[in-house]
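# Report on the structure
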Amino acid sequence: MRVFASLRSVLSALFHRSLVENEVEEELRAHIQDRANDLERSGVPRAEAKRRARLEFGGYQKFKEECREAQGTHFLETLIQDLRFGLRMLRKSPGFTAVAILTLALAIGANTAIFSIVYGVLLAPLPYRDASKLVVLNETTPRVGNVSVSYPNFLDWRAQNRSFSQMAYVAQMGFNLAGAGVSQPENIAGDSVSPNFLSMMGVRPVLGRDFEPAEGESGTQRVLLLSYQLWQSHFGADRNVIGRSITLDGNDFVIIGVLPADFRPLDRTDVMLPIGVWATNNRSATERGERGDSTVVGRLAPGAALTQAHAEMEGITAGLAKEYPAANDQFGVRLRPIRDAFVGNLQTEILVLFAAVMFVLLIASANVANLFLIRGAARSKEIALRIAVGASRWRIIRQLLTESFVLAFLGGVLGLGFAFAGIRLMTRLIPQETLGGASIGLNGAVLLFTAGVVVLAAVVFGMAPAAHSAKWDVQAELKEGGRTAGVGAAQNRLRGMLAVAEISLALVLLAGAGLMLKSLYRLINVNPGFQPDRVLTMEMYLSSQRYSQDPAVLNFWRQVLDGVRSLPGVESAALGNHIPLTGDHGRTDITIEGMALPKPGSFPHPDVHTVSPDYIRTLGMVLQRGRTFTDADNATAPPVALVNEKLARQYWPNEDPVGKRFMWGRFDPASKDAHKWVTVVGVVDDTKMYGLANPSRLEVYAPLLQEVNNDMDLVVKSRLDPSALTSEIRSVVAAVDKDQPIFAIATMNKIMSDDVAAPRLTLVLLGLFSALAVMLAAIGIYGVISYSVAQRTHEIGVRMSLGAQPRDVLRMVLGQGGKIALVGIAIGIIAAFGLTRLMSGLLFSVSASDPGTFAAVAGLLVFVALVACYIPARRAMRVDPMVALRYE
Amino acid sequence: MPEHAQILPGTLDLLILKAVSLGPLYGYGILLRIEQISQGALLIEQGALYPALFRLVRQGLLKAHWDTSENNRRTKFYELTAAGRKRLRQEEDGWNRLVAAIASALKAQPEET
């Protein structure tokens, strides 16, 4: 650790110092001893010889001291002297010291806290071998955007490409964990991976073995690796777990190993299975058009670059699209470094916040520089005196810089405390998934950064006064000796410039926060297309053998719904797959009756939701026309569906969609089967399925009784606080099937609030930082103006005695502050125009140069500046001309 | 017993350089050597020797190293550096010129007016 290394060097230098001291004594004592011996040899009695030797030597202490001086002073010793002196000076003005240290501590703390996120998310090495070579691939289609990878396509990618030395398929799965040894059934997440996945990533199980090639083929034995966390929580970290079995979805799986603790999966992974288990009896493994929930990870071959791999993969997907148009028409591929897959769209947010705290640091430094200049003015006589008696200017500058460093160091120590608290708060506020499993904390890299910030701050705020002091005119200082000493026009200009800089930086921050605020306001006022109040949701996935037949599934859902409806306090209850804002949704091609048949990749491709009759009402969605489903819309009744407004507008513009028909899948004129048409019975409002900031997509709702589904969200509208129902609903479900887990329990309001968690946190932090910035800038301009008023007391007195009214004085002082504020605001607005553009990716329906926001923050700053100037201005107005003149 | 004379300020360095030029010496040895070569005529305040030694080392005219003396004790020895040797020559010349000048000045007879 660097800190310790430097500490050690200081200690060794000090130690060395005392060693030298000892040698001096050794030498001097030897001399006296030699002399005494000589005297004794010439016949002087021993005691007398000793006494005479000491006497002849002269002042022992004096000469020792002279020796030390003659050797010259050690650099470190000067430093310690400076440090002592600096500390003494800081102690002498506790007000100045406290303000400066607190200012710096807030800025350094904010920087450290934000940097811990920058480091954890963007910089910390990923726990894979040579992670920069790992690439995540997925398919794309213009109708949806990014989609999963079809397994047959993956097999062709792997066979045809040259850019990757290895490729592996990762299919996400969910399981019900129940049976022997599990107290409460629960849903866990699993990845099924190609057998080479872990070795490609450079990850080895901490216990047991990796998958074998044969386990990549369908029909393989059911085996799995436990995540380290599941091993800890469910198996008590028992090392004899290998060979035991665990029951998932009613099937026994043999545990063959445990993943390492620091393994960082792309998604939540409680268990890891070989892809052969996934492929067994799975249509997705053989149907090219099936794209489930999966990604592909590849390791670039030696010498292959991402761009080159990208070009090759585009060629391969184009070839596959031509070869299998039914499955691949218009499908492309996206490649991104694995780091991006973890960071996602957090990067802009993090970098904006990082820039913001840097600004705060600059403002804080400018502020402390200003304080230093004021104090420097007060100390100018002392400094001039020191120069006059022979201190070199370099020595003075060094002294001043040492004081800056002491201050910055103390600020840094306190700042680390702030950062520690801030990091704990932030990690509690940010959902772990948002950070992609990154670990955030005060680690070595972060501390190193903090040390850098301390140095940067010290140099920034120490340089101005130090450089200034080098120019001091000693003669003038000592001659004038008065209160105006050391405060030339140049220094006033410098201080004014610092205040201007602070205000412009504060304006940029404030503009960013203002834009974020407006954006978030618009975001949370977006109509989501449903009513979240008093709605509780939870998911159930009927995966065990007993639900292999539709009647069993429907029977379960009916019993659960009946049970929940009969609970006191329940207004209505329904099932739906899946509720808005909770992830991806199933999609399928449909054919609108009478439409001109498009190419395979251009059929309408809506999300499909299977819902029970009360779903629309329970979620508070708006039925625009037609009707919702009833229990009569069952398997024997004609197939029906609801569509959302967007789909209706797009495919039946200017027509009544109710009564129109479509069919699932693509119409094939050659097919001999009777075409099964689905009649649209109603139109509902668009809902925000994929986030409040994202546009709605095409949605189709089908009755659960006609499109049976074993994975449903239960939605319950309650009369009172919905979360109070949780345990009663649990008992209802347990009464129907005690092994059936319930998961993802949340109120709809919580889901909505989580959806804007990232922008909200960004806003809160930006808001905090800009408030801090404005406060500091206000203190800055206040300092400049009140100092200038103090300097001009005499002049003001003269003016007033010559007939100036307090109003004129007020105008004069406010004018001076106003000039600083306006110049700062003008520069700030120009800078903000350039800089807020970088955050446009974070803004929802607000332009990055929104004039309203800019005007508002400029107005706010003018107001703050005027208030800051008004206090010293009032003091100026109260100047008593007699007192002011006598003072001179 | 010869009469003792206080040494002139600034001449201690010269004496030290001279003493050490005859071979490496430790502190007390330098004192003895100066007494010896001045036949005991010059009296040095013994302690003052050391600050002078440290100064000369710092100026690069002497170099010091720790070694074992003949009576087997860790002792710090001083010897002349090249710069020290050069300085000694300059100082000797300067001193001799000064002495000559002073001497001739002192020999001057009052002029007849």
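Turning next to the overall build of chain A. Looking only at helices and strands, one finds 27 helices and 22 strands in chain A. On C-alpha atoms alone, chain A measures out to a radius of gyration of 38 Å, which is more than a quarter above the 29 Å that the 2.2 N^0.38 rule sets for 888 residues. For chain A, the share of sequence-separated contacts (at least 6 apart) that also reach a separation of at least 24 residues comes to 83%.

The next point concerns the domain arrangement of chain A. Along its sequence, chain A is carved into domain 1 (2-72), domain 2 (78-128 + 345-487), domain 3 (144-329), domain 4 (494-528 + 752-888) and domain 5 (545-738). A straight line from the C-alpha centre of domain 1 of chain A to that of domain 3 of chain A covers 76 Å.

A few words now on the nonpolar core. Residues and elements named next belong to chain A. Counting 106 residues, the largest nonpolar core has Val-360, Ile-503, Ala-773, Ile-781 and Leu-861 as the members making the most contacts within it. Three or more residues apiece are contributed to this core by two domains, here domain 2 (78-128 + 345-487) and domain 4 (494-528 + 752-888). Ignoring anything within four residues of it in the chain, the contact list for Ala-773 reads Phe-359, Val-360, Ile-363, Leu-505, Ala-506 and Leu-509. Counting 57 residues, the second-largest nonpolar core is a separate cluster that includes Val-643, Met-712, Ile-729 and Met-748.

Now for the interface of chain A and chain B. With 17 residues of chain A at the contact, the number on the chain B side is 13 residues. Contributing elements (two or more residues each) for the side of chain A that touches chain B: helix H1 (2-41), helix H2 (46-57) and helix H3 (60-70) of chain A. In terms of residue count, the dominant contributor to the side of chain A that touches chain B is H1(A) (6 residues).

Per-residue confidence for chain A averages 88 on the pLDDT scale, and 92% of its residues sit at or above 70. Counting contacts from residues 481-487 of chain A, a segment whose pLDDT is below 50, to residues more than four positions away or on other chains yields 14 contacts.

Take the sheet that holds strand E2 (residues 25-26) of chain B next. All names here are of chain B. Reading across from one edge, E2-E5-E4 is the order of the 3 strands in this open sheet, with antiparallel pairing throughout. One side of each edge strand has no neighbouring strand; the edge strands of this open sheet are E2 and strand E4 (62-68). Those strands touched by helix H1 (residues 11-21) are E2, E4 and strand E5 (74-80), and its axis lies near 100° from that of E5.

Here we come to the pairing of strand E6 (residues 223-226) of chain A. All names here are of chain A. Burial of E6 is two-sided: the residues Val-223 and Leu-225 facing one way and the residues Leu-224 and Leu-226 facing the other way are all buried. As judged from the 4 bridges shared by E6 and strand E8 (residues 251-258), these two strands associate in the parallel manner. Looking at E8, one finds that Leu-226 is bridged to Val-258. Bridge analysis of E6 against strand E9 (residues 271-274) gives 2 bridges, and the strand direction is antiparallel. The residue of E9 that forms the bridge with Leu-226 is Val-271.

Attention shifts here to the packing of H1(B) against helix H2 (residues 27-37) of chain B. Residues and elements named next belong to chain B. In the contact formed by H1 and H2, the axes pass within 9 Å of each other and the chain directions differ by 95°. Classified by the angle between their axes, H1 and H2 sit roughly perpendicular to one another. Contacts between H1 and H2 involve Leu-15, Ile-16, Ala-19 and Val-20 from the first element and Ile-30, Arg-33, Ile-34 and Ile-37 from the second. Partitioned by chemical class, the residues of the contact of H1 with H2 number 7 nonpolar, no polar and 1 charged.

What follows is about the environment of A:Gly95. Residues and elements named next belong to chain A. Structurally, Gly-95 can be placed in helix H5 (residues 94-123). By the C-beta count within 10 Å, which is 8 here, Gly-95 ends up exposed. Each C-alpha atom of the pair Gly-95 and Tyr-615 lies 64 Å from the other, and the pair is 520 residues apart in sequence.

On to the packing of helix H23 (residues 757-791) of chain A against helix H26 (residues 851-877) of chain A. Each pair of packed helices can be described by the angle between their axes along with the distance between the axes. Residue and element names in this part refer to chain A. In the contact formed by H23 and H26, the axes pass within 9 Å of each other and the chain directions differ by 30°. When the axes of H23 and H26 are compared, the pair comes out roughly parallel. In the packing of H23 onto H26, the handedness of the crossing is right-handed. Side by side, H23 and H26 meet where Val-774, Ala-778, Ile-781, Tyr-782, Ile-785, Ser-786 and Val-789 of the first sit next to Leu-861, Val-864, Ala-865, Ala-868, Cys-869, Ile-871, Pro-872, Arg-875 and Ala-876 of the second.

The rules behind each value
- Residues numbered from 1 in each chain as written.
- Chains lettered and ligands numbered in written order.
- Predicted model: local features only at pLDDT ≥ 70, side-chain atom pairs only at ≥ 80, totals over all residues.
- Helix = DSSP H or I, 4+ residues; strand = E, 2+ residues; numbered from the N terminus.
- Rg over C-alpha atoms; globule rule 2.2 N^0.38 Å.
- Contact = placed C-beta atoms within 7 Å.
- Domains from an automatic or database assignment.
- Core = buried A, V, L, I, M, F, W, Y, C linked by C-beta atoms within 7 Å.
- Buried ≥ 20, exposed ≤ 12 C-beta atoms within 10 Å, placed from the backbone.
- pLDDT = per-residue confidence, 0-100.
- Pairing = 2+ DSSP bridges.
- Axes fitted to C-alpha atoms, helices over the stretch in contact; angles between N-to-C directions.
- Parallel < 35°, antiparallel > 145°, perpendicular 65-115°, else oblique.
- Nonpolar A, V, L, I, M, F, W, Y, C, P; charged D, E, K, R; others polar.
- Left-handed = near helix turned anticlockwise from the far one by under 90°.

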